[in-house]
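# Notes for the structure review
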Amino acid sequence: MFLWRTLLAPSWRPILMIVGCFLLSMVLLVDVSSVICGTEVTHLIYMVALLGLAHTRALIIPSSCRFSAHQRCLHCQTTTGLMDGAAASSSTTTQGDKGVHWAVQNGLDLSRSTVVYFKHNDMASLASTLEKLTSGNKHTEKIRCYIVVESIYQNSGQIAPLDEIIKLKVKYRFRVILEESHSFGVLGKCGRGLAEHYGVPINKVDIITAGMGNALATDGGFCTGSARVVDHQRLSSSGYVFSNSLAPYLATATVSAVNYLEGNSSVLSILRTNVALLHKD
């Protein structure tokens, strides 16, 4: 009884709040950088909302800036390896679409991987580069390989053929990093993005990164994937560890946007009707 009275005392409440947030974040496999600004309850609500919309199990908030989120996600994964965490070298290869926007290009430039660009949205060009890389290579199994594409390309407005990319991924044993800033909250029946649009299981895409500054009209970004991917970023990404967490009011704005989208799915139908009118001859 004395212990409970002590723990419920006002002086202990901040400590209980910190412990509670930490335990909840471990259970939900979500986290934000806590070195500078800390993790608030608002952040946990924010990430639960995003997990529900994205339909994934683990998620991380690399930075308060959506462009930095892409850079740090790509830098971390292509530099240190997706699963094993080994230091990158010439054995790490990234196949990037020539049409990806500046933040993705910058993230690839910061990595120590060998970056090869294929023709914009050209699956024949991608297949050709993958074939050249793997054909006759005795060390193919030791090469860590990534395909980096945007769902809706910022520079052209074209949609990436995710179904064909996944087939190439399986054939050549590459991993897919998908940048979804312009499709999250837009494509798919419920606005879950490119995977829902094509009917591709979300677990077929190794990493999804997106910014909140488009359909959700707020700021910040996130990176989602398997629990191993998220844990790897949490431990290995210096850009994540030493960055600010998202401002609580922006997290609240994102939660409101997600709740509105989930409760008013008709807005997506209206959006598609308006897009069709713009493209009508």
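Residues numbered from 1 in each chain as written. Predicted model: local features only at pLDDT ≥ 70, side-chain atom pairs only at ≥ 80, totals over all residues. Heavy atoms only, no water.

### Comments concerning the overall build of the chain
Secondary structure assignment for the chain yields 12 helices and eight strands. Per-residue burial over the chain gives 47% buried out of 281 residues. Carbon and sulfur atoms make up 59% of the accessible area of the chain, which amounts to about 13800 Å² in all. (Helix = DSSP H or I, 4+ residues; strand = E, 2+ residues; numbered from the N terminus. Buried < 20%, exposed > 50% of the residue type's maximum accessible area, 1.4 Å probe, protein only. Areas by Shrake-Rupley, 256 points an atom, 1.4 Å probe, with all protein chains shown as cover.)

### Quick word on the packing of helix 3 (residues 41–54) against helix 11 (residues 248–263)
If you want to describe how two helices pack, look at the angle between their axes and the distance between the axes. It is the contact of helix 3 with helix 11, at a shortest axis distance of 9 Å, that shows an interaxial angle of 30 degrees. With respect to each other, helix 3 and helix 11 are oriented roughly parallel. Considering the relative orientation of helix 3 and helix 11, their crossing is left-handed. Residues T42, H43, I45, Y46, A49, L50, G52 and L53 of helix 3 pack against P248, A251, T252, T254, V255, V258, L261 and E262 of helix 11. When grouped by side-chain class, the residues that make up the contact of helix 3 with helix 11 number 10 nonpolar, five polar and one charged. (Axes fitted to C-alpha atoms, helices over the stretch in contact; angles between N-to-C directions. Parallel < 35°, antiparallel > 145°, perpendicular 65-115°, else oblique. Left-handed = near helix turned anticlockwise from the far one by under 90°. Contact = heavy atoms within 4.5 Å. Nonpolar A, V, L, I, M, F, W, Y, C, P; charged D, E, K, R; others polar.)

### Some details on the pairing of strand 2 (residues 58–61)
Side chains A58 and I60 project from strand 2 onto one buried face, and the interleaved L59 and I61 project onto a second face that is buried too. Relative to strand 8 (residues 221–225), strand 2 is paired through three bridges, and the arrangement is antiparallel. Looking across to strand 8, one finds that L59 is bridged to T224. (Pairing = 2+ DSSP bridges.)

### Remarks on empty space enclosed by the protein
Applying the stated criterion to the full structure yields one cavity of 30 Å³ or more. Put simply, the largest cavity is a space of about 40 Å³. Forming the walls of the largest cavity are A54, T56, E180, F184, R192, I202, I208, F222 and T224. Split into classes, the residues belonging to the lining of the largest cavity amount to five nonpolar, two polar and two charged. (1 Å grid on protein atoms, 1.4 Å probe; cavity = no way out; pocket = protein on both sides within 12 Å on 5 of 7 lines; lining within 4 Å. Points joined across faces, edges and corners; volume = space filled by probe spheres on them.)

### Section: unusual backbone geometry
Of note, N121 is a non-glycine position whose phi angle comes to about 55 degrees, a positive value. Of note, N121 is situated in the loop between strand 4 (114–118) and helix 6 (123–134). The phi dihedral of R173 is positive, around 60 degrees, even though this residue is not glycine. With respect to the helices and strands, R173 occurs in the loop between helix 7 (162–172) and strand 6 (175–179).

### Remarks on the side chain of Q95
Tracing the backbone shows Q95 in strand 3 (residues 92–97). Polar side-chain contacts of Q95 include one of 3.2 Å to the side chain of T129. Setting aside anything within four residues of it in sequence, one finds Q95 in contact with V116, F118, L126, T129, L130, L133, Y146, I147, V148 and F174. (Polar contact = N/O pair within 3.5 Å; in protein donor to acceptor, adjacent residues only side chain to side chain.)

### Considering the pairing of strand 3
By the criterion of burial, strand 3 is predominantly enclosed, with six of the six residues buried. Side-chain alternation along strand 3 places T92, T94 and G96 on one buried face and T93, Q95 and D97 on a second face that is also buried. Inspection of the sheet shows strand 3 paired to strand 5 (residues 144–150) by five bridges, in the parallel sense. Each bridged residue has a counterpart across the sheet, and for G96 the counterpart in strand 5 is V148.

### Concerning helix 7
All buried positions along helix 7 are accounted for by L162, I165, I166, L168, K169 and Y172. Seen end-on, helix 7 carries its buried residues on one side only, within an arc spanning 160 degrees. Away from its buried face by more than 90 degrees, helix 7 exposes K167, V170 and K171. As for helix 7, its buried residues are in contact with helix 6, strand 5, strand 6 and helix 8 (194–198). Positive backbone phi, at 60 degrees, marks R173, one or two positions downstream of helix 7. (Arc of directions from axis to C-beta.)

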